[in-house]
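The residues making up each chain are set out below.
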Amino acid sequence: MQKIKSNIHFGDCLEILATYPDNFFDLIITSPPYADSRANSYGGIKPDDYVAWFLPRAQQMLRVLKPTGTFILNIKEKVVDGERHTYVIELILELRKQGWLWTEEFIWVRLVLA
Ligand SMILES: C[S@@+](CC[C@H](N)C(=O)[O-])C[C@H]1O[C@@H](n2cnc3c(N)ncnc32)[C@H](O)[C@@H]1O
């Protein structure tokens, strides 16, 4: 039976991913900061700067993911001045230009039982 090996790395994913070879992973699941929605707990990135912050990291993820691999991005919009900021939509459009295929969307529904 194949042994499962797990490595836990601490650090900026941009630097960590650079240590892995091309076409290495079958699956990448990431839950990056929801812009600066949790700025008080782990910092964050302003919605207007998010796409520029994420794209170099996505480029590394694209490099280390096998061509047959799957990428799952857990992300959430942020309301700014009473409106949903479009950084998630902008990110999807830029990821497609990078070579990613946008194939599916899952909705995370949190039920609050009264
Ligand atoms: C939405 S939270 C997800 C946390 C985790 N999935 C969970 O369920 O607790 C985003 C996480 O990304 C981490 N993070 C922020 N910038 C990062 C970076 N450049 N590289 C790696 N992790 C980062 C934050 O510290 C935070 O823990």
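Further up the page is the structure itself.
Residues numbered from 1 in each chain as written. Predicted model: local features only at pLDDT ≥ 70, side-chain atom pairs only at ≥ 80, totals over all residues. Heavy atoms only, no water.

Caption draft 1: Representation of the packing of aromatic side chains in the model. What the rule picks out here adds up to 8 aromatic pairs. Each ring, one from W53 and one from F54, has its centre 6.1 Å from the other, and the planes form 50°; the classification is tilted. Classification of W53 as partly exposed rests on a relative accessible area of 25%. Exposure remark for F54: the relative accessible area of 1% places this residue in the buried category. Centre to centre, the rings of F71 and W100 are 4.5 Å apart; their planes meet at 35°, and the pair counts as tilted. (Phe/Tyr/Trp six-rings, centres within 6.5 Å; stacked < 30°, edge-to-face > 60°. Buried < 20%, exposed > 50% of the residue type's maximum accessible area, 1.4 Å probe, protein only.)

Caption draft 2: Fine view of the site of the ligand. Around the ligand, a shell composed of G11, D12, C13, S31, P32, P33, Y34, Y42, W53 and R57 is seen. Separating a nitrogen atom of the ligand from a side-chain N or O atom of D12 is a distance of 3.1 Å. C13 places a polar main-chain atom, nitrogen or oxygen, 3.0 Å from a nitrogen atom of the ligand. Across the shell around the ligand, the residue classes tally to 6 nonpolar, 2 polar and 2 charged. (Near = heavy atom within 4 Å. Polar contact = N/O pair within 3.5 Å; in protein donor to acceptor, adjacent residues only side chain to side chain. Nonpolar A, V, L, I, M, F, W, Y, C, P; charged D, E, K, R; others polar.)

Caption draft 3: View of the environment of F25. Its location among the elements puts F25 in strand β1 (residues 25-30). Measuring from C-alpha to C-alpha, the distance between F25 and M61 comes to 9.1 Å, with 36 residues separating the pair along the chain. (Helix = DSSP H or I, 4+ residues; strand = E, 2+ residues; numbered from the N terminus.)

Caption draft 4: Here's a closer look at the pattern of salt bridges. Going through the model one piece at a time under the given rule, you end up with 6 salt bridges. The partner of R84 in a salt bridge is E77, and the shortest N-O contact between them spans 3.2 Å. Exposure remark for R84: the relative accessible area of 54% places this residue in the exposed category. The salt bridge partner of E94 is K97, with a shortest N-O separation of 2.8 Å. Separated by 3 residues within a single helix, E94 and K97 lie in helix α4 (residues 87-98), roughly one turn from each other. Residue classification places E94 among the partly exposed positions, given a relative accessible area of 27%. (Salt bridge = Lys/Arg side-chain N within 4 Å of Asp/Glu carboxyl O.)

Caption draft 5: Structural context of the side chain of H85. Mapped onto the fold, H85 is located in the loop between β4 (83-84) and α4. Of the residues examined, H85 reaches a relative accessible area of 13% and is grouped as buried. In terms of polar contacts, H85 uses its side chain to reach the side chain of D48, at 2.7 Å. A polar contact of 2.9 Å, which involves the side chain of H85, links it to the backbone nitrogen of Y87. Dropping the residues within four chain positions of it, H85 is found in contact with P47, D48, E77, K78, V80 and E90. (Contact = heavy atoms within 4.5 Å.)

Caption draft 6: A look at the nonpolar core. Membership of the largest hydrophobic core comes to 22 residues, with the highest contact counts inside it found for Y50, F54 and L91. Put simply, the parts of the chain that give this core at least two residues each are α3 (47-64), β2 (65-73) and α4. With 7 residues, the single largest contributor to this core is α3. In this structure F54 touches P32, M61, F71, L73, L91 and L95, once residues within four positions along its chain are discounted. (Core = buried A, V, L, I, M, F, W, Y, C linked by side-chain atoms within 4.5 Å.)

Structural measurements only, silent on function.
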